[in-house]
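Chains, contacts and geometry: an overview
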Amino acid sequence: MSRAFVNEDQLTQTLALPERKVSTHPNYVTPRGLALLKSRFAELESERSMLLKQDDVSSHERLAAVERDLRYYAARVKSAKLVPPSSRTPEHVKFGCRVTVATPSGEEITYTLVGEDEADAEHDLISWISPLGQALLGAHEGDQVQWQRPAGEVALEVVKIEAPESKP
């Protein structure tokens, strides 16, 4: 059947997307993380305004996705708990700090513990609730932590703990 003969109720049912899952963990964010959430929300609002002016099936489908994402980002911005960066070097690993670890092979990797929406493994930004983040939280320099991975447990040594970089 041609889409020209689909009534609006059928179109609405077709466009019903599942909601994006909102984490049940506290939504701790760095200043950069909060700025990213607000920026993405503003981008989606702008896209929504543009899509509302169009009247074709593809824009209706995209509008449904944008509105779903707007609800998600609105909830994330509303629930955000800003954790201001410390200017002092922390004594132990905590949210927002940078931590350098040594792997069993001797390689050193520096991670920054961030909020869930800011996490980006490619840039070594890890969520504080990830298995690695949980293994590192509370550790001191010189401590060995056990990282529970699906591929098996890995021992990491905490080499250095630093205050976060002050980039927004």
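Everything in this summary refers to the structure shown in the same document. Just so it is clear, the model here is predicted, and its values are computed rather than measured. Each chain carries its own residue numbering, running from 1 in the direction its sequence is written. Totals for whole chains, interfaces and linings use all residues, but because this is a predicted model, local features are given only for residues with pLDDT of at least 70 and pairs of side-chain atoms are given and counted only at 80 or more. Side-chain figures throughout are based on the complete set of non-hydrogen atoms in the structure, without hydrogens or water.

Brief notes about the sheet that holds strand E6 (residues 144-149)
- Here, strands pair whenever DSSP counts at least two bridges between them. Runs of E in the DSSP output that reach at least two residues are strands. Runs of H or I that reach at least four are helices, and both are numbered from the N terminus. Strand order in the open sheet made by the 5 strands is E5-E4-E3-E7-E6, with mixed pairing throughout. The strands lining the two open edges of the sheet, one partner per strand, are strand E5 (125-127) and E6. Direction aside, neighbouring strands of the sheet carry axes that sit 45° apart on average.
- Where strand E4 (residues 108-114) and E5 come together, 3 bridges link them in parallel fashion. Axis definition: a line fit to C-alpha positions, over the contact stretch in the case of helices; interaxial angles, taken between N-to-C directions, run 0 to 180 degrees.

A few points about the environment of alanine 42
- Structurally, alanine 42 can be placed in helix H2 (residues 31-52).
- Alanine 42 sits 28 residues away from leucine 70 along the chain, and the two C-alpha atoms are 9.0 Å apart.

Considering the nonpolar core
- Residues belong to one nonpolar core when they are buried, are Ala, Val, Leu, Ile, Met, Phe, Trp, Tyr or Cys, and are joined through side-chain atoms within 4.5 Å. Any residue under 20% of the maximum accessible area for its type is buried, any over 50% is exposed, and the rest in between are partly exposed; the area is computed with a 1.4 Å probe on protein chains only. Membership of the largest hydrophobic core comes to 17 residues, with the highest contact counts inside it found for Val93, Val99, Tyr111, Leu136, Val145 and Val158.
- For this core, the leading source of residues is strand E7 (residues 152-162), giving 4 residues.
- Here a residue-residue contact requires only that any non-hydrogen atoms of the pair lie within 4.5 Å. In contact with valine 158, not counting residues within four places along its chain, are Val93, Val99, Thr100, Val101, Leu136, Ala139, His140, Glu141, Gly142, Asp143 and Val145.
- Core analysis: the second largest hydrophobic core is formed by 10 residues, Val29, Leu44, Leu51 and Tyr72 among them.

A few points about the packing of H2 against helix H3 (residues 57-79)
- Following both chains from N to C, one finds H2 and H3 inclined at 150°, their axes separated by 9 Å at the closest point. Compared by their axis directions, H2 and H3 come out roughly antiparallel. Relative to H3, H2 is oriented so that their crossing is left-handed. Within the contact between the two elements, H2 uses Leu37, Lys38, Arg40, Phe41, Leu44, Glu45, Glu47, Arg48, Leu51 and Leu52 and H3 uses Ser59, Arg62, Leu63, Val66, Glu67, Asp69, Leu70, Tyr73, Ala74, Arg76 and Val77.
- In the scheme used here, Gly and all other residues not listed as nonpolar or charged are polar, with Ala, Val, Leu, Ile, Met, Phe, Trp, Tyr, Cys and Pro taken as nonpolar and Asp, Glu, Lys and Arg as charged. Partitioned by chemical class, the residues of the contact of H2 with H3 number 11 nonpolar, 1 polar and 9 charged. Working rule for angles: under 35 degrees goes down as roughly parallel, over 145 as roughly antiparallel, 65 to 115 as roughly perpendicular, anything else as oblique. Put simply, a crossing is left-handed when the front helix is turned counterclockwise from the back one by less than a right angle, and right-handed when it is turned clockwise.

Comments concerning unusual backbone geometry
- With a phi close to 60°, aspartate 124 is a non-glycine residue in the positive phi region.
- Counting through the fold element by element, aspartate 124 comes out in the loop between E4 and E5.
- Overall, the relative accessible area of 29% leaves aspartate 124 in the partly exposed class.

Describing the packing of aromatic side chains
- Pairing of aromatic side chains requires ring centres within 6.5 Å, counting the rings of Phe and Tyr and the six-membered ring of Trp. Pairs whose planes differ by under 30 degrees are stacked, by over 60 edge-to-face, and all others tilted. Under the definition given, this model contains 3 aromatic pairs.
- Seen in terms of ring centroids, tyrosine 28 and phenylalanine 95 are 6.0 Å apart; in terms of plane orientation they differ by 55°. Their pairing is tilted. Remark: phenylalanine 95 occurs in the loop between strand E2 (80-82) and strand E3 (98-102) and tyrosine 28 occurs in strand E1 (residues 27-29); sequence separation between them is 67 residues.
- Taken together, the ring pairs connect Tyr28, Phe95 and Trp128 into an aromatic cluster.
- Sitting over a ring, as applied to charges here, requires NZ of Lys or CZ of Arg to be within 6 Å of the ring centre and within 35 degrees of the ring normal. Seen from the ring of tryptophan 147, arginine 149 lies directly overhead, with NZ or CZ sitting 5.6 Å from the centre.

Some words on the pairing of E7
- As defined by bridge partners, E3 adjoins E7 across 5 bridges and the pair is classed as antiparallel. Pairing of arginine 98 across the sheet is with glutamate 162, part of E7.
- Sheet topology places E6 next to E7; 6 bridges connect them, and they run antiparallel. Bridged to glutamine 146 within E7 is alanine 155.
- Between E6 and E7, which pair antiparallel and follow one another directly, the connecting turn spans 2 residues.

Re the pairing of E3
- The buried fraction of E3 is high, at 5 of 5 residues.
- Side chains of E3 alternate between two faces, with Arg98, Thr100 and Ala102 and Val99 and Val101 buried alike.
- Sheet analysis places E3 next to E4, joined by 5 bridges and oriented antiparallel. Bridge pairing in E4 links arginine 98 to threonine 112.

By themselves, these observations are geometric and do not establish any function.
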